[in-house]
Every structure is written in structure tokens, then in C-alpha cells.
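Survey of secondary and tertiary structure
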Amino acid sequence: MKIVYISNSVIPSQTANSIQVMRMCEAFACIGHDVILIARKLQIARKLQAKLNIEDICKYYGVKTNFNLLFLPWYFPKLGGIIYLWCSFRVLPKLNPDLVYARSIYGALSAIFRGFPCIYEAHAPPHNKIHYYLQNILFRSKVFKHLVVISKALKQEYQRLYPWIDQNKIRVAHDAANPIGEQERSALSFKRWPGRPGTLQVGYVGQLYPGKGVELIIEIAKRLPEVDFHVVGGCEIDVNRWKTHVDLPNLFFHGFVPPGQTPQYLLMCDVLLLPAQYKVSTTSTGKGNISRWMSPLKLFEYMAAKRAIVASDLPVLREVLQNERNALLVRPNDITEWVQALLKLMHNQKLRQYLAENAYLDLIEKYTWYQRAKDVL
């Protein structure tokens with residue numbers, strides 16, 4: 001098929017949603033489809049976008065150059081979506097897709113208004129009455145195929161909000177990752193790793209927003225001076241703020257690294273942390289809460305790295321993780337439990353290997369991008 005993927009993502013950027021979109025387009029193309037990705041073009045990103053061609057962008061994300069990329073403008077915070085809808089509406093007939101796959105409600109609406117079959121992917125329920133109404137229009141369209149959600153919990157929320165939708169039209173597809181092969185593992189190296197040789201290396205990859213768990217990692221690092229902790233990711237302002245207020249010899253803030261280089265950091269760690277709290281914000285201002293239905297990209301990247309995982313014991317994470325089989329699950333805000341879990345892993349290499357192997361096998365069987373791309377279609 002010829003698939004046009006319409007997203008809200010700014011590409012290139014530091015957001016997890018842009019990584020997910022790029023990986024899905026790569027996977028659709030690997031299956032054999034002809035793929036065109038439509039992404040947002042912002043005023044502030046134009047200079048960067050103008051300097052990069054598709055090869056540069058794909059290298060940044062660590063994906064193959066097997067699909068095309070088209071930028072559409074997004075002007076003004078309040079009117080951006082409407083303008084994006086209009087631009088998508090105008091360009092779709094020229095592209096003439098067999099299917100529109102949308103992670104943008106405005107892109108999805110442009111597809112059904114033009115009469116193109118559409119699949120819509122949601123990572124959270126509608127956050128206001130306008131979006132609720134727009135999705136209601138989409139779901140009632142004759143050319144709407146189905147809704148893809150990232151967790152069972154999110155499916156249940158959509159069933160509550162739109163009880164008239166056919167249950168078969170809501171498909172659950174957790175996020176994913178590509179396995180890191182042995183050749184890739186042997187090829188990766190890190191010349192300036194700040195951790196102490198012979199010391200347990202514990203890592204976290206992701207944003208530093210409220211609820212992501214950075215505060216917890218700092219407290220754990222204080223209690224475990226014999227362990228090295230590495231925080232990878234975050235925008236420059238957040239990283240500098242934490243560096244200014246925290247001075248621990250066993251805690252290292254690496255800052256943002258391009259998505260294509262993330263495996264290099266994961267493989268340098270023995271244990272990886274997913275300390276999501278009961279409220280997980282989507283911005284540095286503390287707005288939003290995705291803790292009930294999230295499917296963290298980092299979780300599957302951890303599984304792909306074949307490293308032991310310690311994660312928060314949240315219902316949505318238990319859709320993927322099982323305590324003492326593919327991870328250790330602890331109460332999100334109980335520092336003592338986190339410390340005890342790390343001490344347990346520090347003194348039990350066989351347990352670390354057992355958890356890591358099971359998580360990796362789960363990824364291979366259920367959570368690769370290739371498998372996800374097939375499932376959502």
C-alpha cells in the first residue's frame with residue numbers, strides 16, 4: 001500500500017513522540033509499504049530543518065532511509081491545528097494514499113474529509129471538549145478503519161468515553177523497540193564513561209519532567225554511594241537546573257543524546273530504572289498526567305538492551321512487566337524499596353541476567369517495531 005503517515009511531531013526534535021513516529025514509518029516501509037511521513041514545520045525549526053536532508057534526519061534517529069518526509073506548516077499556538085488540517089486536506093489528493101495513518105486528530109480529519117481510509121493512533125484520551133467532539137466525528141466516519149491505543153487501560157478509557165464504538169475497532173499496541181543484535185553490541189563503545197570500574201552502573205533514559213522520577217533517583221543515589229547513577233536525556237534547561245542543585249559524586253547527568261546513540265548508553269549500564277510516579281507530567285511545567293495509560297518508549301528500549309529493569313509497580317506497566325520474571329516492581333514513591341531492589345541486584349548477578357533475558361525474549365516475541373507495524377494494520 002501507499003501509506004501517508006500524518007503526525008503532530010516536529011522532526012527532528014528531542015521528543016519521544018518524534019522517535020516513535022520515525023520508527024513506525026521505518027517499520028511500515030520494512031514490511032513493504034510505500035511510506036510518506038508528514039510532520040510539522042515550525043518557525044523556530046526551519047533553519048535546522050533546512051540544513052538537514054532525509055539521510056541526516058534518519059541518521060539522527062538511527063532509522064533506515066526507506067521512506068519519504070514532507071513538512072507542513074504549523075502557525076500560531078491556538079490556530080496551528082486548524083491550519084495543519086487545511087494544509088493536510090490540500091496535499092492529500094496529490095499524494096493519493098491507499099491509507100492514512102494518523103497520530104494527529106487534524107490529520108485524521110483531513111483524511112476522512114477527503115474520503116481516504118484512516119487509522120488513528122492515540123496515546124492519551126481527548127484532553128478537552130473540542131478534541132472529544134473532533135474524535136467523535138472521526139469515529140463515526142464511514143472511512144474510519146480503527147483506533148490504535150498504547151495500553152489496555154487506554155482502551156478501557158476510550159470505551160467509557162465512546163461506549164457506542166465497536167470493541168473490535170479499538171486495538172491495543174504497546175510501544176516497541178528494535179532488538180540490539182550481537183554485532184551492534186560488539187561494535188558499540190564508550191571512551192569517556194564517567195562511572196567507576198567494578199561499580200554497579202544504574203541508568204535512566206528519558207525526560208526530566210515532574211513525575212518521571214528524577215527526584216527519586218537523586219534520593220536513591222544519596223543512600224547508595226557505592227553505586228553509580230547515570231541520567232540520560234532532558235532539555236538543556238532542566239539538565240542545568242538539576243546540575244546546579246545536585247552535587248553527588250556518584251550521580252552523572254549526561255544530557256540529551258540523539259536517539260540513534262541511546263543504545264550506547266544503555267549498554268554501559270547493569271541496571272535500568274523506570275521510576276514513574278503516580279502522576280507523570282507531559283511538560284516541564286507539570287501539566288498533564290499520563291500515568292494511567294502510558295506505554296513508555298524507554299521501557300522497550302531497556303528490554304532491547306538486555307539489562308535488568310527496576311520499575312514502578314503501576315497497573316499500566318504490569319501490562320508488560322511481571323515482578324521477578326522480567327523486572328523488579330516496587331512502589332513508585334517508596335525509596336527504601338528502590339534501594340533494596342538495587343542492593344538485591346548488585347549482589348545477585350544471576351538474577352540480573354535472568355530478568356534481562358526474559359525481558360529481551362518478551363521484546364522479540366511481542367514488542368518489536370516490525371511486529372507492531374503488522375499488528376496495527
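In case you missed it, the structure is sitting above this.
Counting of residues starts from 1 at the beginning of each chain's written sequence and follows it residue by residue. The model is predicted, so local features are restricted to residues of pLDDT at least 70 and side-chain atom pairs to those at 80 or more, both for listing and for counting; the totals for chains, interfaces and linings are taken over all residues. Remark: hydrogens and water are excluded; side-chain values derive from all non-hydrogen atoms of the structure.

Focus: the state of the cysteines
Inclusion rule: In this description, a disulfide is simply a cysteine sulfur pair whose atoms lie within 2.5 Å. In this scheme, a residue with accessible area under 20% of its type's maximum is buried, one over 50% is exposed, and one in between is partly exposed, where area comes from a 1.4 Å probe on protein chains only.
Under the defined criterion, the tally for this structure stands at zero disulfides. No disulfide involves Cys87; its sulfur sits 17 Å from that of Cys118, the nearest cysteine. Looking at Cys87, the relative accessible area reads 16%, which means it is buried.

Looking at the pattern of salt bridges
Opposite charge on two side chains permits them to pair, given that their charged atoms come into close proximity. Our working definition: By definition here, a salt bridge exists when the distance from a side-chain nitrogen of Lys or Arg to a carboxyl oxygen of Asp or Glu is within 4 Å. Numbering goes from the N terminus for both helices and strands, where a helix is a DSSP run of H or I of at least four residues and a strand is a run of E of at least two.
Throughout the structure, instances matching the rule amount to twelve salt bridges. Linking Arg23 and Glu26 is a salt bridge whose minimum nitrogen-to-oxygen distance equals 3.2 Å. On the criterion of helical spacing, the pair formed by Arg23 and Glu26 is a turn pair, its members being three residues apart in helix α1 (residues 16-31). Judged on exposure class, the residue Arg23 and its partner Glu26 are both buried.

Side note on the packing of aromatic side chains
Worth spelling out the cut-off: Centre distance within 6.5 Å is the pairing criterion for rings of Phe, Tyr and Trp, where only the six-membered ring of Trp is used; planes under 30 degrees apart are then read as stacked, over 60 as edge-to-face, and the remainder as tilted. Whether a charge sits over a ring depends on NZ of Lys or CZ of Arg being within 6 Å of the ring centre and within 35 degrees of the ring normal.
Counted under the stated rule, the structure contains 14 aromatic pairs. Between Phe300 and Tyr367, the ring centres sit 5.2 Å apart and the planes meet at 55°, which makes this aromatic pair tilted. Remark: Tyr367 occurs in the loop between α14 (349-366) and α15 (369-376) and Phe300 occurs in helix α12 (residues 297-305); sequence separation between them is 67 residues. Phe300 gets classed as buried once you look at its relative accessible area, which sits at 0%. Here the aromatic residues Tyr132, Phe139, Phe144, Tyr158, Tyr162 and Trp164 are joined through ring pairs into a cluster of three or more. Taking the ring centre of Phe89 as reference, the NZ or CZ of Arg114 above it sits at 3.7 Å.

Some details on the pairing of strand β9 (residues 228-232)
Threshold: A pair of strands counts as paired when DSSP detects no fewer than two bridges linking them. If you view a crossover with the strands going away from you and the path from the first strand over the helix to the second runs clockwise, you call it right-handed.
By the criterion of burial, β9 is predominantly enclosed, with five of the five residues buried. Burial of the side chains of β9 extends over both faces: Asp228, His230 and Val232 are buried on one face and Phe229 and Val231 on the other. Judged from the five bridges that link them, strand β8 (residues 201-205) and β9 form a sheet pairing that is parallel. Within the sheet, the bridge partner assigned to Val202 lies in β9 and is Phe229. Tracing the backbone out of β8, into helix α9 (residues 214-223) and back to the parallel element β9 gives a crossover that is right-handed.

A short note on the nonpolar core
Across soluble globular proteins, you tend to see nonpolar side chains buried next to one another. Convention followed: Think of a nonpolar core as a cluster: buried Ala, Val, Leu, Ile, Met, Phe, Trp, Tyr and Cys residues, connected wherever their side-chain atoms sit within 4.5 Å. The contact criterion used throughout is that any non-hydrogen atoms of two residues lie within 4.5 Å.
The biggest cluster of nonpolar side chains holds 68 residues, and the ones touching the most others in it are Phe229, Leu251 and Val310. For Val310, the contacting residues outside a window of four places in its chain are Val271, Leu272, Leu273, Leu274, Leu328, Val330, Trp338, Ala341, Leu342 and Leu345.

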